[in-house]
Amino acid sequence: MSERRACVECLRRSWLLALLGPYLEKTATGKVGRRSPELLRLSNEDLVEVVAPGAGPRLIGEVEARDEAWFAERLEEAECWAICRHDDRYPPGLRDADDAPWALLGRGAPGLLEAIEPQAAVTIVGSRRATSYGREVARDLARELATAGLVVISGLAFGIDACAHRGALDAGGKTIAVLGCGPDTSYPAAHRGLWRSIAETGVVISELPPGSTPWRWSFPARNRVMAALAGMTVVVEAAARSGSLITADLAAELGRDLGAVPGPVTSRASAGPNELLAGGACVVRDAQDVLDAMLGAGAEHLQRTGPPLDEELAIVLSAVEAGAANADAIAAAIGSTGRTAAGGATSALVSAGDAPNHVDPDDAAPRSIDLVGRRVSIALARLELLGYLAATPTGTVTRTLLAAPTPSGAGN
């Protein structure tokens, strides 16, 4: 850690921001999204003059009184390191941003941060109150991008951010968490296990010093870092007014690629991405769309086809794709018509071993429906294990991005 120390001037800036936290909060109130990056472009003297004119000289004097040994000791105690804008190891993506942090303080493998080029990283952001659709898309997208060798960047927040980090970790890939608090603190606290996993295999960074608490202004401030580090920012889900859209705007201002995952026009969670798409953002349906946008058409093709499905599983999967979201709905759809959109018959879900040898004619229909329901439940569990479906907390299922293989002989 001692080999990666930012210069004293830049470290003083980080600790000054921590001292100015409450003053910045008041100044940015009402304009938190845009105001933070604007303020952080200012020099130390101009910044304190704007946000804390009365206390400014005292605060600057406090940080200037601290020497290199003091900062080194604080970093060592927190098991953190720091690099600054004067260091050749400062991330290339931040060098062309005029509001970039003077120093980055972090935990994890600093080599990942130092070597990262924008074209090798993707930022994935979205709503904290994500739907099951959004969570599944974010995790699958991050998993596939990490498999393709890209670094996944996000902010460790609830919802889309956490799913993006977990998807990258699922693939054994690299992910970077950019925090609005000190790098030694998990925020939210509920994500401490995820924070630890990222620090062990990737990097956790912040422009605030260890021990710093988060502020409302510090989240849009960290968004500018996420936008600058990556060659493309993808918004999975976001309301019409969302911090994720601020990240998207900042990425566009830097000339980075911007992508969005389309969603139902009736969903508030998809209002932001749909608006971005209407404005010209790249449509992101899967990781291949991201690779094509960043690296050009014909970039590495991702194999996303799942294992083969028997007739029974194909029937149930087709019913889910047609809109049925739970076992009862699927069983009713199959049992009422005898067929699904895939053309499968109800009999495929009732094996000979399930059918009773002697059935009362008056009781035959109820028994058949009950058997179909049991078989559907088993099929749903199998489809989830194979990766085609994901269960939601409400007891329904959603379709994942994994494609089913083309049936043998199809198209002949």
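Going by the structure above, here's the rest.
An account of the accompanying structure is given in this report.

Analysis parameters
- Residues numbered from 1 in each chain as written.
- Predicted model: local features only at pLDDT ≥ 70, side-chain atom pairs only at ≥ 80, totals over all residues.
- Heavy atoms only, no water.
- Buried < 20%, exposed > 50% of the residue type's maximum accessible area, 1.4 Å probe, protein only.
- Helix = DSSP H or I, 4+ residues; strand = E, 2+ residues; numbered from the N terminus.
- Pairing = 2+ DSSP bridges.
- Right-handed = clockwise from strand over helix to strand, strands pointing away.
- Salt bridge = Lys/Arg side-chain N within 4 Å of Asp/Glu carboxyl O.
- Polar contact = N/O pair within 3.5 Å; in protein donor to acceptor, adjacent residues only side chain to side chain.
- Contact = heavy atoms within 4.5 Å.
- Axes fitted to C-alpha atoms, helices over the stretch in contact; angles between N-to-C directions.
- Parallel < 35°, antiparallel > 145°, perpendicular 65-115°, else oblique.
- Left-handed = near helix turned anticlockwise from the far one by under 90°.
- Nonpolar A, V, L, I, M, F, W, Y, C, P; charged D, E, K, R; others polar.
- Patch = residues over 30% accessible without salt bridge, like charges linked within 9 Å, V, L, I, M, F, W, Y side chains within 5 Å.
- Areas by Shrake-Rupley, 256 points an atom, 1.4 Å probe, with all protein chains shown as cover.
- Lys, Arg positive; Asp, Glu negative; His and termini not counted.
- Charge placed at Lys NZ, Arg CZ, Asp CG, Glu CD.
- 1 Å grid on protein atoms, 1.4 Å probe; cavity = no way out; pocket = protein on both sides within 12 Å on 5 of 7 lines; lining within 4 Å.
- Points joined across faces, edges and corners; volume = space filled by probe spheres on them.
- Expected span 1.5 Å × (residues − 1).
- Phe/Tyr/Trp six-rings, centres within 6.5 Å; stacked < 30°, edge-to-face > 60°.
- Lys NZ or Arg CZ within 6 Å of the ring centre and 35° of its normal.

### Some points on the pairing of strand β5 (residues 175-178)
Of the two faces of β5, the one carrying Thr175 and Ala177 and the one carrying Ile176 and Val178 are both buried. Relative to β5, strand β4 (residues 151-154) runs parallel, the two sharing 3 bridges. Within β5, the position partnered with Ser154 by the bridge is Ala177. Considered for its hand, the β-α-β crossover made up of β4, helix α10 (residues 160-170) and β5 is right-handed. Where β5 and strand β6 (residues 203-206) come together, 3 bridges link them in parallel fashion. Paired with Ile176 across the strands is Val203, a residue of β6. What joins β5 to β6 is helix α11 (residues 192-201), and the crossover it makes is right-handed.

### Quick word on the sheet that holds β5
In space, the 9 strands of this open sheet follow the order β1-β2-β6-β5-β4-β3-β7-β8-β9, with mixed pairing throughout. Strands with a single pairing partner mark the edges of an open sheet, and in this sheet they are β1 (81-84) and β9 (282-283). Two strands pair when backbone bridges link them, and strand β2 (residues 103-108) and β6 are joined in this way by 4 bridges, in the antiparallel orientation. Within the sheet, the bridge partner assigned to Gly106 lies in β6 and is Ile205.

### Some thoughts on the pattern of salt bridges
Taken as a whole and judged by the stated rule, the model has 18 salt bridges. Taking the shortest distance from any N to any O, the salt bridge between Arg224 and Asp99 comes out at 3.9 Å. Here the residue Arg224 occupies a position in helix α12 (residues 218-229), and Asp99 occupies one in the loop between α7 (92-95) and β2, the gap between them amounting to 125 residues. Looking at Arg224, the relative accessible area reads 4%, which means it is buried. Note on Asp99: relative accessible area 8%, which makes it buried.

### Side note on the side chain of Asn223
Mapped onto the elements, Asn223 comes out in helix α12. The exposure class of Asn223 is buried, given its relative accessible area of 6%. A distance of 3.3 Å separates a polar atom in the side chain of Asn223 from the backbone oxygen of Gly243. With residues near it in sequence (within four places) discarded, Asn223 still touches Gly243, Thr247 and Leu250.

### Details of the packing of helix α1 (residues 8-19) against helix α5 (residues 56-64)
Here α1 crosses α5 at 140°, and the two axes come no closer than 9 Å. By the angle between their directions, the pair α1 and α5 is classed as oblique. The interaxial crossing formed by α1 with α5 has right-handed handedness. Along its contact with α1, which presents Arg12, Trp15, Leu16 and Leu19, the element α5 presents Leu59, Ile60, Glu62, Val63 and Glu64. By residue class, the composition of the contact of α1 with α5 is 6 nonpolar, no polar and 3 charged.

### Regarding a negative patch on the surface
A cluster of acidic side chains, namely Glu45, Asp46, Glu49 and Glu64, defines a negative patch on the protein surface. Among the elements that make up the negative patch, the one with the highest residue count is helix α4 (residues 44-51) (3 residues). Tracing the backbone through its elements, the reader meets Glu45 in helix α4. The exposure class assigned to Glu45 is partly exposed, which follows from its relative accessible area of 47%.

### Notes on empty space enclosed by the protein
Per the counting criterion, the structure on display carries 2 cavities of 30 Å³ or more. If you add up the space inside the largest cavity, you get close to 70 Å³. Around the largest cavity, the lining is made up of 13 residues, and of these Leu179, Ser206, Glu207, Ser218 and Arg222 lie nearest the centre. The set of elements that each furnish at least two residues to the lining of the largest cavity consists of β6 and α12. For the lining of the largest cavity, the leading source of residues is α12, giving 4 residues. In terms of residue class, the lining of the largest cavity is made up of 8 nonpolar, 3 polar and 2 charged.

### Notes on the layout of surface pockets
Space left empty within the atom packing is revealed by a probe, the size of a water molecule, rolled over the atoms. In this structure, the largest pocket occupies an estimated 530 Å³ of space. Lining the largest pocket are 21 residues, and of these Arg128, Arg241, Ser242, Gly243 and Ser244 lie nearest its centre. Where the lining of the largest pocket is concerned, the elements lending two or more residues are α12 and α13 (243-253). A per-class count over the lining of the largest pocket returns 8 nonpolar, 7 polar and 6 charged.

### What about α13?
Here α13 has its buried residues at Ser244, Leu245, Ile246, Thr247, Ala248, Leu250 and Ala251. Two or three places before Ser244, at the opening of α13, Ser242 has a side-chain oxygen 3.1 Å from that residue's backbone nitrogen. A positive phi of about 80° marks Gly255, the residue just after α13.

### Side note on α1
The end-to-end C-alpha distance of α1, which contains 12 residues, comes to 16 Å, matching closely the 16 Å that a straight helix rising 1.5 Å per residue would cover. Along α1, the residues classified as buried are Val8, Cys10, Leu11, Arg13, Ser14, Trp15, Leu16 and Leu17. Of the surrounding elements, those touching the buried residues of α1 are α2 (21-28), α4, α5, α6 (68-77), β1 and β2.

### A closer look at the packing of aromatic side chains
Evaluated as defined, the whole model comprises 4 aromatic pairs. For the ring pair Trp15 and Trp70, a centre distance of 5.7 Å and an interplane angle of 75° mean the geometry is edge-to-face. Highlighted residues: Trp15 in helix α1 and Trp70 in helix α6, separated in sequence by 55 residues. Residues Tyr187 and Phe219 carry aromatic rings whose centres are separated by 5.7 Å and whose planes lie at 40° to one another, so their mutual orientation is tilted. Residue Tyr187 is found in the loop between β5 and α11, and its partner Phe219 is found in helix α12; the two are separated by 32 residues along the sequence. Look at Phe219 and you get buried, because its relative accessible area is 17%. Members of the aromatic cluster, joined through ring pairs, are Trp15, Trp70 and Phe71. Lying over the aromatic face of Trp70, Arg74 brings its terminal NZ or CZ to 4.8 Å of the ring centre.

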